Amino acid sequence: FLRINEIEFNKTIAAADEPISKIETNSLTGDLDLMIDGNISSAYVSEHPSDGTAYIKYPLTENTKLTSAAFLQNAAEITNAEVKAEFYEEDGTITEEVLGTLGAGITSFYFSGEKNVISFTVTWPQNTVPTLYEILPVSGETVHTVSFAGEGAPDSVLYCPEGKNIRLPENAFRQIAGTDVT
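For every chain, the first residue of the written sequence is number 1, and numbering continues from 1 onward in sequence order. Given that this is a predicted model, residues contribute local features only at a pLDDT of at least 70 and side-chain atom pairs are listed and counted only at 80 or more, while totals for whole chains, interfaces and linings are drawn from all residues. As a convention, hydrogens and water are excluded, and side-chain values are obtained from all of the structure's heavy atoms.

Enquirer: Residues and numbers for the nonpolar core, please.
Expert: We call a set of buried residues a nonpolar core when its members are Ala, Val, Leu, Ile, Met, Phe, Trp, Tyr or Cys and they connect through side-chain atoms within 4.5 Å of each other. Burial status follows relative accessibility: with a 1.4 Å probe on protein chains alone, a residue under 20% of its type maximum counts as buried, one over 50% as exposed, and anything between as partly exposed. Counting residues in hydrophobic clusters, the biggest one holds 26 residues, and the most contacted among them are Met35, Ile56, Phe71, Phe120 and Val122. Helix and strand labels come from DSSP, where a helix needs a run of H or I of at least four residues and a strand needs a run of E of at least two; each type is numbered from the N terminus. Of all the elements in the fold, those that place two or more residues in this core are strand 3 (55-59), strand 4 (66-72), strand 5 (82-88) and strand 8 (116-123). The contact rule is simple, with two residues in contact once any of their heavy atoms fall within 4.5 Å. Those residues within four positions of Phe120 in sequence are excluded, and the remaining contacts are Ile56, Lys57, Tyr58, Leu60, Leu66, Ala69, Phe71, Val83, Lys84, Ala85, Leu99 and Phe111.

Listed below in structure tokens is the structure:
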């Protein structure tokens, strides 16, 4: 025979009326989860412009070995918000790296797929209205490493998931018959 007993946990702890958001912020109000709801037709738009310190922090809890992350914003109102990522290193330390700015309607950042990305922080410049349609973290893509060699070549290494385009650094060039080609 089968016997099922009902066991109650945390019976004396009251449940919150509002769900806990994954998004952390210092000053933004409204439904911040609209930027991670998986629906690109919905958007988080702040009620007030940024004072230069307004930010969101999106902690990642699953699939942290990312190969890319795309940030979607209104292409008619580019904010140039700064994007940083926190990485959990193999030695147990946490490092932070500035990835770049949101300078287009869709801005993508690429990763090796070997490091654990544990959060993204987006900080909006003063007098811009914080707006994001979606943050789309992606894992599992085949990633190619692009590096540069030669005099004047940038030291940085770029990662490019298969089938995607990347923008080369401004100082990446090659010489053909003594003429600089950019």
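From this point, the discussion proceeds with the structure in view.
Enquirer: Account for the pattern of salt bridges, with residues named and values stated.
Expert: Here, a salt bridge means any side-chain nitrogen of Lys or Arg that lies within 4 Å of a carboxyl oxygen of Asp or Glu. The final tally for this structure, using the stated rule, is four salt bridges. Between Glu82 and Lys84 there is a salt bridge, with its nearest N and O atoms 3.9 Å apart. Ionic pairing is found between Lys115 and Glu89, a salt bridge with its closest N-O pair at 3.5 Å. In this pair, Lys115 sits in the loop between strand 7 (106-110) and strand 8 while Glu89 sits in the loop between strand 5 and strand 6 (94-101), placing the two residues 26 residues apart along the sequence. You can call Glu89 buried: its relative accessible area is 19%. One continuous salt-bridge network, built from bridges that share partners, spans Glu82, Lys84 and Glu96.

Enquirer: Requested: an account of the packing of aromatic side chains, with residues and values cited.
Expert: Aromatic rings from Phe, Tyr and Trp, taking only the six-membered ring of Trp, are treated as a pair when their centres fall within 6.5 Å; an angle between ring planes under 30 degrees marks them as stacked, one over 60 as edge-to-face, and anything in between as tilted. Within this structure, the stated rule accounts for four aromatic pairs. With a centroid separation of 5.4 Å and 90 degrees between ring planes, the pair formed by Phe71 and Phe120 is classed as edge-to-face. Of this pair, Phe71 sits in strand 4 while Phe120 sits in strand 8, placing them 49 residues apart in sequence. A single burial state applies to Phe71 and to Phe120, both of which are buried. Aromatic pair Phe111 and Phe120: ring centres 6.3 Å apart, planes at 40 degrees, arrangement tilted. Exposure remark for Phe120: the relative accessible area of 0% places this residue in the buried category. Put simply, the rings of Phe71, Phe87, Phe109, Phe111 and Phe120 touch in pairs and so form one group of aromatic residues. A ring has a charge above it when a Lys NZ or an Arg CZ is no more than 6 Å from the ring centre and no more than 35 degrees off the ring normal. Over the ring of Phe87 we find Lys115; its NZ or CZ atom is 4.3 Å from the centre of that ring.

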